[in-house]
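Next come the chains, spelled out residue by residue.
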Amino acid sequence: MILNERDNRHDQALLVAQQMMTAARTAPKAKGVDLIEVAMVTESNIRILSDTMKQMYEENGLKFFLRDAENILEAECIVLIGTREHAHGMNCGYCGYEMCTLRDEGVPCALNSVDVGIAIGSACSVAADFRVDTRVMFSVGLAAKELDWLDGCSQVFAIPVSASSKNPFFDRKSL
């Protein structure tokens, strides 16, 4: 049997994305409290995400939403990583408030932000180990948040995954 890489590239990218999701899940969390949600977007849902980003561009006029909406159509899949909001009660001040109870509604706990960042780093390290192309995109994550694809998450980031000869997520055209 001869198996050409081109014939199973998509399946391999999906397998790597699943490993990325596992890495995000097992990443360290503040005080051992797991607030991270992780999912993979494929096929027609990538188009829904792209269309949502185009709507967001129409609403906010930020051109990079339009650029990124087109760019993710070149992805084999997209890993979403988000965090739900939870004050850890440490009164650390990293959020800008002296005490957790003084935080204004909507101000994220800095420890939640750190947790999602560590999960993203863990996922991207797996992608690097397997030499697939990725890019962390907050714009795509914001669209996924708008769609509420990670139930209850206040911060969502997206990592499109590609296994092509050139990383489509870098050296992109300016708009």
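This structure is a prediction, so every number in the text was calculated from the model and none was measured. (Residues numbered from 1 in each chain as written. Predicted model: local features only at pLDDT ≥ 70, side-chain atom pairs only at ≥ 80, totals over all residues. Heavy atoms only, no water.)

**Student:** Whenever I open this one, empty space enclosed by the protein confuses me. Can you help?
**Tutor:** It is a probe the size of a water molecule, rolled over the atoms, that shows where empty space is left. Applying the stated criterion across every chain, the model contains one cavity of 30 Å³ or more. What the largest cavity holds in volume is close to 70 Å³. Surrounding the largest cavity, Asn91, Cys92, Gly93, Cys95, Tyr97, Met99, Cys100, Arg103, Cys109 and Ala110 form its lining. Its residues assigned to classes, the lining of the largest cavity comprises seven nonpolar, two polar and one charged. (1 Å grid on protein atoms, 1.4 Å probe; cavity = no way out; pocket = protein on both sides within 12 Å on 5 of 7 lines; lining within 4 Å. Points joined across faces, edges and corners; volume = space filled by probe spheres on them. Nonpolar A, V, L, I, M, F, W, Y, C, P; charged D, E, K, R; others polar.)

**Student:** Looking at this structure, how should I read the layout of surface pockets?
**Tutor:** When its volume is computed, the largest pocket comes out at roughly 180 Å³. Looking at the largest pocket, it is lined by 12 residues, and the ones nearest its centre are Asn71, Glu74, Pro168, Arg172 and Lys173. Of the pockets and cavities examined, the second largest pocket occupies roughly 160 Å³. Along its surface, the second largest pocket is lined by Glu5, Asn8, Arg9, Gln12, Ala13, Leu15, Val16, Gln19, Phe130, Val132 and Ala163. For the lining of the second largest pocket, the per-class residue count stands at six nonpolar, three polar and two charged.

**Student:** Mind showing me how you'd approach helix 1 (residues 5-26) here?
**Tutor:** An α-helical segment advances 3.6 residues per turn. Residues three or four places apart therefore align on the same side. A rise of 1.5 Å per residue sets the reference length of helix 1, with its 22 residues, at 32 Å; its end C-alpha atoms lie 30 Å apart and thus fit the reference within 8%. Roughly 30° is the biggest bend found in helix 1, and it falls at Asp11. For helix 1, the full list of buried residues reads Asn8, Ala13, Leu14, Val16, Ala17, Met20, Ala23 and Ala24. In the core, the buried residues of helix 1 are packed alongside strand 1 (36-41), strand 2 (77-84), helix 4 (110-129), strand 3 (133-134) and strand 4 (153-162). With a side-chain oxygen positioned 2.8 Å from the backbone nitrogen of Arg6, the residue opening helix 1 is Asn4. (Helix = DSSP H or I, 4+ residues; strand = E, 2+ residues; numbered from the N terminus. Expected span 1.5 Å × (residues − 1). Bend = angle between axes of the 7 residues up to and from the residue. Buried < 20%, exposed > 50% of the residue type's maximum accessible area, 1.4 Å probe, protein only. Contact = heavy atoms within 4.5 Å. Polar contact = N/O pair within 3.5 Å; in protein donor to acceptor, adjacent residues only side chain to side chain.)

**Student:** What exactly am I supposed to notice about the side chain of Thr83 here?
**Tutor:** Mapped onto the fold, Thr83 is located in strand 2. Of the residues examined, Thr83 reaches a relative accessible area of 0% and is grouped as buried.

**Student:** Could you clarify how one ought to interpret the packing of helix 1 against helix 4 in this entry?
**Tutor:** In contact at an axis separation of 8 Å, helix 1 and helix 4 are set at 145° when each is read in the N-to-C sense. Note that helix 1 runs across helix 4; the crossing there is right-handed. Note on element contacts: helix 4 touches helix 1 through Ala119, Ser122, Ala123, Val126 and Ala127, opposite Val16, Gln19, Met20, Ala23 and Ala24. Per-class residue counts for the contact of helix 1 with helix 4 are eight nonpolar, two polar and no charged. (Axes fitted to C-alpha atoms, helices over the stretch in contact; angles between N-to-C directions. Left-handed = near helix turned anticlockwise from the far one by under 90°.)

**Student:** Could you clarify how one ought to interpret the pattern of salt bridges in this entry?
**Tutor:** Side chains that carry opposite charge are capable of pairing whenever their charged atoms lie near each other. In the structure shown here, the tally under the stated rule is six salt bridges. With a closest N to O distance of 2.9 Å, Glu70 and Lys54 form a salt bridge. Here Glu70, found in helix 3 (residues 63-71), pairs with Lys54, found in helix 2 (residues 43-60); they are 16 residues apart in sequence, far enough to count as distant. Across the pair Asp68 and Arg67 runs a salt bridge whose closest N-O atoms are separated by 2.9 Å. Classification of Asp68 as buried rests on a relative accessible area of 4%. A relative accessible area of 25% means that Arg67 is categorised as partly exposed. (Salt bridge = Lys/Arg side-chain N within 4 Å of Asp/Glu carboxyl O.)

**Student:** What exactly am I supposed to notice about the packing of aromatic side chains here?
**Tutor:** Aromatic ring pairs are defined here through the distance separating the ring centres and the angle between the ring planes. Applying the stated rule across the entire model yields two aromatic pairs. A centroid spacing of 5.8 Å and a plane angle of 45° characterise the contact between Phe64 and Phe138, whose relative ring orientation is tilted. Of this pair, Phe64 sits in helix 3 while Phe138 sits in helix 5 (residues 138-146), and the two are 74 residues apart along the sequence. Overall, Phe64 belongs to the partly exposed group, its relative accessible area being 27%. Lying over the aromatic face of Phe170, Arg135 brings its terminal NZ or CZ to 4.4 Å of the ring centre. (Phe/Tyr/Trp six-rings, centres within 6.5 Å; stacked < 30°, edge-to-face > 60°. Lys NZ or Arg CZ within 6 Å of the ring centre and 35° of its normal.)

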